[in-house]
There are 2 protein chains.
Amino acid sequence: MTKQRAAILKVMAENDGHFTAEEIFTKTKAVYPGIVRATIYNNLNALAQENQIRRICQSGQPDRFDRNPIPHEHIICTQCGEVVDVWIKDFKHKLQKELHLDVDDYELVIHCKCEKCKESIA
Amino acid sequence: MTKQRAAILKVMAENDGHFTAEEIFTKTKAVYPGIVRATIYNNLNALAQENQIRRICQSGQPDRFDRNPIPHEHIICTQCGEVVDVWIKDFKHKLQKELHLDVDDYELVIHCKCEKCKESIA
DNA sequence: CAAATTATTTAGAATGATTATAATAAATTT
DNA sequence: AAATTTATTATAATCATTCTAAATAATTTG
């Protein structure tokens, strides 16, 4: 646990959401000015591999990182583009039952209008 | 429908699987030597937008394109890395019921050992 | 605790997928 | 067939991410 990694984790813990490496870089640089992009990427990769954070990928966009390591699902709003958490109860278990497979991990991204956008039009 | 697009679609129809733009470029170039990468990308983007093909994204890897436009699910093998189709009956409908949402589209990628790899160890 | 080893960070260049631009060619409309 | 739109080509550019080598920091060992 280096100072840099601690700073990255603190930034992610304080700001709720789904960050790009660039956003984490900017925010971490504010508290740790010497830090460099490669360090951000190294740490994010390591943290994702250790399942301390989760990676979300969208084609045409930089990866995002979710500070919440517990498997869950995501909505990407078709209107505002934001990534929103959703939780489907026992999803992994349901998948295993349905497919008769030993699921190691999964990613489910749903494209629909998010709650905020639905309300804002009403 | 240009000659180039027809060639791309033919290549995708003849070879079953999940291709990268580069693979499609190489295979299409064999039958249509003048073709250029930008044309491949333009057409794949257009086809994906029209839902004639589907795009699969994996972080750290180039996008893949699935010639099968009907929504379905994917396994990425934790051993060989191949992308394999799976079909979960009424998945979209189940999602909508579970989440009380109007799902426009979704992507489900499952990480586990594929059938081929499971057998090959036995 | 000092020395040695190992892992991490930095700085900067490199890579690789994808897109942008401008010019040409093809397709479609009038 | 001329005019307009759309797609393709050639090439350069972009952007996210990784690589390399050197420097620094952290950890382990004597």
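Predicted model, so just to flag it, every value in this text is computed and none were measured.

Caption draft 1: Representation of the packing of aromatic side chains. Considering all chains together, one arrives at 3 aromatic pairs over all chains under this definition. Every member of this aromatic cluster is reached through a ring pair, and the members are A:Phe91, A:Tyr106, B:Phe91 and B:Tyr106.

Caption draft 2: Broad picture of the protein's contact with DNA strand C. In the neighbourhood of DNA strand C, 16 residues make up the surrounding shell, with A:Thr2, A:Gln4, A:Thr39, B:Tyr41 and B:Asp63 lying closest. A share of 84% is what sugar and phosphate atoms reach among the atoms of DNA strand C within 4 Å of the protein. Taking B:Tyr41, its side chain carries an N or O atom lying 2.8 Å from a phosphate oxygen of DNA strand C. Here a phosphate oxygen of DNA strand C sits 3.1 Å away from a polar atom, N or O, in the main chain of B:Asp63. Looking at the surface near DNA strand C, the elements that each hand over two or more residues are helix H3 (37-49) of chain A together with helix H3 (37-49) and strand S3 (61-66) of chain B. A total of 4 residues in the surface near DNA strand C trace back to one element, the largest contributor, which is H3(A). Grouping the amino acids of the surface near DNA strand C by side-chain chemistry returns 7 nonpolar, 7 polar and 2 charged.

Caption draft 3: Region of interest: the pattern of salt bridges. Within this structure, the stated rule accounts for 20 salt bridges over all chains. For A:Glu98, the salt bridge goes to B:Lys94, with nearest N and O atoms at 3.2 Å. Residue A:Glu98 is found in helix H4 (residues 91-99), and its partner B:Lys94 is found in helix H4 (residues 91-99); the two belong to separate chains. With a closest N to O distance of 3.7 Å, B:Glu82 and B:Lys116 form a salt bridge. Of this pair, B:Glu82 sits in the loop between strand S4 (73-77) and strand S5 (83-86) while B:Lys116 is found in helix H5 (residues 115-121), placing the two residues 34 residues apart along the sequence.

Caption draft 4: The arrangement of the protein's contact with DNA strand D in detail. DNA strand D sits among 16 residues. The nearest are A:Tyr41, A:Asp63, B:Thr2, B:Gln4 and B:Thr39. Counting only the atoms of DNA strand D that lie within 4 Å of the protein, the sugar and phosphate share comes to 83%. Within the contact set of DNA strand D, a sugar or linking oxygen lies 2.8 Å away from a side-chain nitrogen or oxygen of B:Gln4. Here a phosphate oxygen of DNA strand D and a side-chain polar atom of B:Thr39 are 2.7 Å apart. Of all the elements in the fold, those that place two or more residues in the surface near DNA strand D are H3 and strand S3 (61-66) of chain A together with H3 of chain B. Counting residues per element, the surface near DNA strand D draws most heavily on H3(B), which supplies 4 residues. Looking at the surface near DNA strand D residue by residue, the class counts come to 7 nonpolar, 7 polar and 2 charged.

Rules behind the numbers
Residues numbered from 1 in each chain as written. Chains lettered and ligands numbered in written order. Predicted model: local features only at pLDDT ≥ 70, side-chain atom pairs only at ≥ 80, totals over all residues. Heavy atoms only, no water. Phe/Tyr/Trp six-rings, centres within 6.5 Å; stacked < 30°, edge-to-face > 60°. Near = heavy atom within 4 Å. Polar contact = N/O pair within 3.5 Å; in protein donor to acceptor, adjacent residues only side chain to side chain. Helix = DSSP H or I, 4+ residues; strand = E, 2+ residues; numbered from the N terminus. Nonpolar A, V, L, I, M, F, W, Y, C, P; charged D, E, K, R; others polar. Salt bridge = Lys/Arg side-chain N within 4 Å of Asp/Glu carboxyl O.

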